[in-house]
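An overview of the molecular structure
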Amino acid sequence: MADTPAGEIALWLDGEVAAGRLTADAAQRQAALAFDRLLRRFAAPPPRRRLLGVIPVGPAPAVRGLYLWGGVGRGKTLLMDRFHAAAPVKRKRRQHFHAFMADMHEAIAAARRAMAAGDARDPVEIVAQTLAGDVQLLCFDEFSVTDIADAMLLGRLFSRLFDLGLTLVATSNIAPDRLYWNGLNRQSFLPFVGLLKDRCEIVHLKDGADHRLEGLSAADVYLSPLVPATDAAAEHLWAGLSTGGEEARDLRVKGRLVHVSRAAGRRARFTFAELCDQPLGATDYRAIARHFDLLMVTGVPRLAAGERNRAKRFITLIDVLYDAGRALVLTADGEPADLYRATGGNEALEFARTASRLIEMRSEAWLHQAADVSHRQSLTA
């Protein structure tokens, strides 16, 4: 399909490159052409089935969607958001995949509670009918299946949604055949993979630079002390890391929800209080590290000797992010060794390790390593 003529998305991309706002990227342009093909499919949708050649029967057929996958920072979200704005569809929704699935589980539970005793209807069917009535084009960002409840629901839900005329567009770091890889009871999930490949054009945005990390250096990632100039520098850096826009998300962790107030693709921003003044532990931090390749944590204070719980959570957070190989941006009230004055014993030793890791994690070598880890995981997840 290399001869696809440039349409609205590719021409916009060309203009951004010409203006110097984006870097020329051949694979990214091929992805833009795929979105242009989808725009053309919406302009000439498949014909509706008719009884006796005259009377329309059933919902309009779904336009074949698009599943765009590739490494982190390749511009997938940027292109999808441009497509979502341009799509000639009134009933459209753009949502992060995990937020959507949380909504669906909640809606199905509510439908089940509302059903009268003896009502034999399938609550998934009820939810599918309602959603298809509200949405014709559904755009997912960061499609990734790790939860067995999500895996078991997807096939049932989307087989009905596609039949009811819904078009799916999704971005992902993962090839369709690698979704829910090694997941519990994965064999039952495979029909959904086949359905996805049938109902969506599959496009691989091939390897290249993580454009959102271009220009990020060690000087950017540890900002101190906590003064207005530091806050302004953090805001400027976050604006560059979240060019596709930000949203709130909830991560399900062992039946609980961990709230992420500011997420942008595989990047998330937290305050120190959000992570270390709440009853969170290693399991919660590992869930965050699985979902995000880069964390910005602002407002790290100098902790007094008596603030053991806050210090312990901070130590655990840094240990988890270090072990996961994640990129970290901090605004802090001093150099790493000055952030906690433990009175001695194990706490002093643990925080000495934390300070050492913070120094390593703000080096150029760590940033390159973190980018490599994220890229490898995007290909093997």
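All values derive from a computational prediction rather than experimental measurement. (Residues numbered from 1 in each chain as written. Predicted model: local features only at pLDDT ≥ 70, side-chain atom pairs only at ≥ 80, totals over all residues. Heavy atoms only, no water.)

Examining the packing of aromatic side chains
All told, the structure shown has 17 aromatic pairs when counted by the stated rule. Arranged with centres 6.1 Å apart and planes meeting at 70°, the rings of Phe140 and Phe158 form a pair that is edge-to-face. Of this pair, Phe140 sits in strand 5 (residues 137-141) while Phe158 sits in helix 6 (residues 148-163), placing them 18 residues apart in sequence. On the basis of relative accessible area, Phe158 is assigned to the buried category, the value being 0%. Taking 6.2 Å as the distance between ring centres and 5° as the angle between the ring planes, the aromatic pair formed by Phe143 and Phe192 counts as stacked. Pair noted here: Phe143 is in the loop between strand 5 and helix 6 and Phe192 is in helix 7 (residues 190-199), with a separation of 49 residues, a long-range link. There is no split in this pair, since Phe143 and Phe192 are both buried. Stacked on the ring of Trp181, the Lys or Arg Arg178 has its end atom at 4.0 Å from the ring centre. Over the ring of Tyr222 we find Arg362, and its NZ or CZ is 4.7 Å from the ring centre. (Phe/Tyr/Trp six-rings, centres within 6.5 Å; stacked < 30°, edge-to-face > 60°. Helix = DSSP H or I, 4+ residues; strand = E, 2+ residues; numbered from the N terminus. Buried < 20%, exposed > 50% of the residue type's maximum accessible area, 1.4 Å probe, protein only. Lys NZ or Arg CZ within 6 Å of the ring centre and 35° of its normal.)

A short note on the sheet that holds strand 11 (residues 267-271)
The six strands lie next to each other as 8-13-12-11-10-9, forming an open sheet whose pairing is mixed. Two strands in the sheet have a free side with no partner beyond their single neighbour: strand 8 (222-223) and strand 9 (247-253). Looking at chain direction, strand 9 and strand 10 (residues 256-264) are connected through six bridges and run antiparallel. From the neighbouring strand, Glu247 faces strand 10, where its bridge partner is Ala263. (Pairing = 2+ DSSP bridges.)

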